[in-house]
Amino acid sequence: MTAAGDTLIRYHSARGRWVLLATVLGSSLAFIDATVVNIALPSIGSSLGADAAGLQWTVNGYALSLASLILLGGSLGDRYGRKRVFMIGVGWFAAASLLCGLAPSIELLIGARVLQGIGGALLTPGALAILEASFARDDRARAIGAWSGLGGIGGALGPFLGGWLVEAGSWRYIFLINVPVALLVLLVAARHVPESRNPAAARHFDIAGIVTGAIGLGGLTYGFTAWPARGPGDPVVLLSLAVGVAGLVAFVLVERRSPQPMVPLEIFRHRAFAGANLVTLLVYAANGGVFFLFVINLQVVAGFSPLAAGTAMLPATVLMLLLSARSGALGQRIGPRIPMTAGPLICAVALLMMAMIGAGASYLTDVLPAVIILGLGLSALVAPLTATALGSLDDAHAGIASGVNNAVARAAGLLSVAILPLAAGLGAGSLTVADQLHPVYRNAMLICAGLMVVGAALAFVLIPNRLAEHPPSPSFCDPCSPPVLSREPAESRPV
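Now for a description of the structure that goes with this document. (Residues numbered from 1 in each chain as written. Predicted model: local features only at pLDDT ≥ 70, side-chain atom pairs only at ≥ 80, totals over all residues. Heavy atoms only, no water.)

## Things to note about the layout of surface pockets
The line we're drawing: In this analysis the probe radius is 1.4 Å and the grid spacing 1 Å, with only protein atoms considered; a cavity is a set of points the probe fits into but cannot get out of, a pocket is an open set with protein on both sides within 12 Å along at least five of seven lines, and lining residues have an atom within 4 Å of a point. Grid points are joined across faces, edges and corners, and a volume is the space filled by probe spheres set on the points. Put simply, DSSP marks the helices as runs of H or I at least four residues long and the strands as runs of E at least two long, and each gets a number from the N terminus on. Charged residues are taken to be Asp, Glu, Lys and Arg, nonpolar residues to be Ala, Val, Leu, Ile, Met, Phe, Trp, Tyr, Cys and Pro, and polar residues to be all remaining types, Gly included.
Each pocket or cavity is described by its volume, and for the second largest pocket that value is around 540 Å³. Going through the elements one at a time, helix H9 (207-230), helix H10 (235-257), helix H11 (271-300) and helix H16 (398-423) are the ones with two or more residues in the lining of the second largest pocket. It is H16 that contributes the most residues to the lining of the second largest pocket, six residues altogether. When grouped by side-chain class, the residues that make up the lining of the second largest pocket number 18 nonpolar, three polar and no charged.

In structure tokens:
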């Protein structure tokens, strides 16, 4: 057993760059596949003879299994090794992607997409947990900032790559291309990523927690996803939401009484951790609504082409790539409260500007200024927010902290896409008719701006100027891993 503080990687080291590459590419697999399949849906429908329900489940099957099991992925990493679970998730995702690319029918494609979501649930929390457990404390915010910026580039380029693959070849290529990328991630991770886990974590599965948590998240995810198509009074929607609420209530009761819980509820007693996740819920709900409706509004109301609408957000992505690591370092130096308060307020200004984008809008004068301001706000916010959610707990809980924060962010985005058009007044209207969409879009942007302002207020009240210093937690380190740099001089370390 080796103390975690004796085996931490420095951000600027060669090994630090390899660890960052493995986690960015691995998590990008899951992020991109959550959206890129939308581009291929028309081709999938024509190729496999799928109806609307089949195409909907091609999207929802992935989101459902990912959201339902992502907490389990973080908990397993803490228990059995973050590197091990991350690599299992990457390998699982690659195998499921191969099945997707070879699927001869829509039913088999849906099944393979569900398997993809399981792989994503294993690898997604592991990526952030590896950064939290592997890098020296002084470098973690910078590493997470770089991960956020580089991951944003992957998320932005994914739809363009997917569109090109569909037009140049076949929809199957958007899944098959995952296989060589996953193999590269496995090679880099096996050679350069150190193993770590929480030796105090229970070695037995919390079966009741796993089942109730999956039922709760799955029920809510499916209910709100089905809401727009079926309507709020549909029995399937009502039953799904009821099951979801009952599942989450049961999950809390089970975890409170379990001697070996999957999610130790005492972690929410940490004010900074609870506050960071509340801010995540509001901010990612706003982001989910913006990124869903903004591109549709540009096409349907403003008359932009799909390519022009798809590239509209690129300046924000570039700003995140350039500034996220610096923002993480700034948050480390001055504390997270200021950037986590200022970031959402800057985003709110951008959303107020976006609300005014209508028919005949010019990209240079109407769209670009709002996109740049949004990029600055997200650059200030995302890295300190993520670093606070992970850094407010000790290193032993890195996996579950990442799993909880990822689950909150993904649930917020899913619920926002389902609820926001209804809350903005869509009713029985259509998102593809300009006269019906524009007032809904304007109201939705105002609602999202309000969510950002409330998020900023919560950050100011709940996030401390400085995170408490946690003593180095004992952490299993794989003796077969390559040596890592220490933050202490050799003569000061115990022999």
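## Regarding the packing of aromatic side chains
To describe a pair of aromatic rings, one takes the distance between the centres and the angle between the planes. Worth spelling out the cut-off: In this analysis, rings of Phe, Tyr and Trp, with Trp reduced to its six-membered ring, are considered paired at centre separations within 6.5 Å, and the interplanar angle assigns stacked below 30 degrees, edge-to-face beyond 60, and tilted for intermediate values. When a residue's accessible area, from a 1.4 Å probe over protein chains only, is under 20% of the maximum for its type it is buried; when over 50% it is exposed; and in between it is partly exposed. We count a charge as sitting over a ring when the NZ of a lysine or the CZ of an arginine lies within 6 Å of the ring centre and within 35 degrees of the ring normal.
The tally for this structure, following the rule as stated, stands at three aromatic pairs. Both rings, one in Trp171 and one in Phe175, keep their centres 6.2 Å apart while their planes meet at 85°; by these two values the pair is edge-to-face. Note on accessibility: Trp171 and Phe175 belong to one class, buried. A cation over an aromatic ring shows up here: Arg337 above the ring of Phe460, its NZ or CZ 5.6 Å from the ring centre.

## Here we look at the nonpolar core
Grouped burial of nonpolar side chains is what soluble globular proteins tend to show. Keep this limit in mind: We define the nonpolar core as a collection of buried residues of types Ala, Val, Leu, Ile, Met, Phe, Trp, Tyr and Cys that are connected through side-chain atoms lying within 4.5 Å of one another. Residue contacts are counted whenever heavy atoms from the two residues lie within 4.5 Å of one another.
Membership of the largest hydrophobic core comes to 98 residues, with the highest contact counts inside it found for Phe294, Leu298 and Met354. Look past the residues within four positions of Leu298 in its chain and what remains in contact with it is Gly303, Phe304, Ala309, Ala312, Ile357 and Val367. Grouped together as the second largest cluster of nonpolar side chains are 17 residues, Val37, Ala40, Val166 and Ile174 included.

## Considerations on a nonpolar patch on the surface
Our working definition: Here the term patch refers to residues with relative accessible area over 30% and no salt bridge, with like charges joined within 9 Å and nonpolar side chains (Val, Leu, Ile, Met, Phe, Trp, Tyr) within 5 Å. Methods summary: accessible areas were calculated by the Shrake-Rupley approach with a probe of 1.4 Å, and residue burial reflects only the protein chains presented. Whenever Lys or Arg places a side-chain nitrogen within 4 Å of a carboxyl oxygen from Asp or Glu, that contact is recorded as a salt bridge.
Together, Ile207, Val211, Ile215, Leu239 and Val243 give the surface a local cluster of nonpolar side chains, amounting to about 430 Å² of exposed area. Those elements that place two or more of their residues in the nonpolar patch are H9 and H10. The dominant element in the nonpolar patch, judged by the number of residues it contributes, is H9, at three residues.

## Side note on the packing of helix H13 (residues 314-334) against helix H15 (residues 363-391)
As a reminder of what qualifies: Axis definition: a line fitted to C-alpha atoms, over the contacting stretch in the case of helices. Angles run 0 to 180 degrees between N-to-C directions. We call two directions roughly parallel when the angle between them is under 35 degrees, roughly antiparallel when it is over 145, roughly perpendicular when it lies between 65 and 115, and oblique otherwise. Should the near helix be turned counterclockwise from the far one by less than a right angle, the crossing is left-handed, whereas a clockwise turn marks it as right-handed.
Packing of H13 against H15 leaves a shortest axis separation of 8 Å and a crossing angle of 25°. Between H13 and H15, the angle falls in the class roughly parallel. Taken as a pair, H13 and H15 cross one another with a handedness that is right-handed. In this structure, H13 uses Pro315, Ala316, Leu319, Met320, Leu323, Ser324, Ser327 and Gly328 to contact H15, whose residues at the interface are Tyr363, Leu368, Val371, Ile372, Gly375, Leu376, Leu378, Ser379, Ala380, Val382, Ala383 and Pro384. Residues that form the contact of H13 with H15 fall into these classes: 15 nonpolar, five polar and no charged.

## Side note on H13
Selection rule: Helices are assigned an expected span. That span is 1.5 Å times one less than the residue count. A residue's bend is the angle separating two fitted axes: one through the seven residues that end there, the other through the seven that start there.
Taking 1.5 Å of rise per residue, the 21 residues of H13 would be expected to cover 30 Å, and the 29 Å separating its terminal C-alpha atoms lies within 8% of that figure. Taken as a whole, H13 carries its principal kink of about 45° at Leu323. Considered for burial, the residues of H13 that qualify are Ala316, Thr317, Leu319, Met320, Ser324, Ala325, Ser327, Gly328, Ala329 and Gly331. Backbone geometry just downstream of H13 places Gly335 in the positive-phi region, at approximately 100°.

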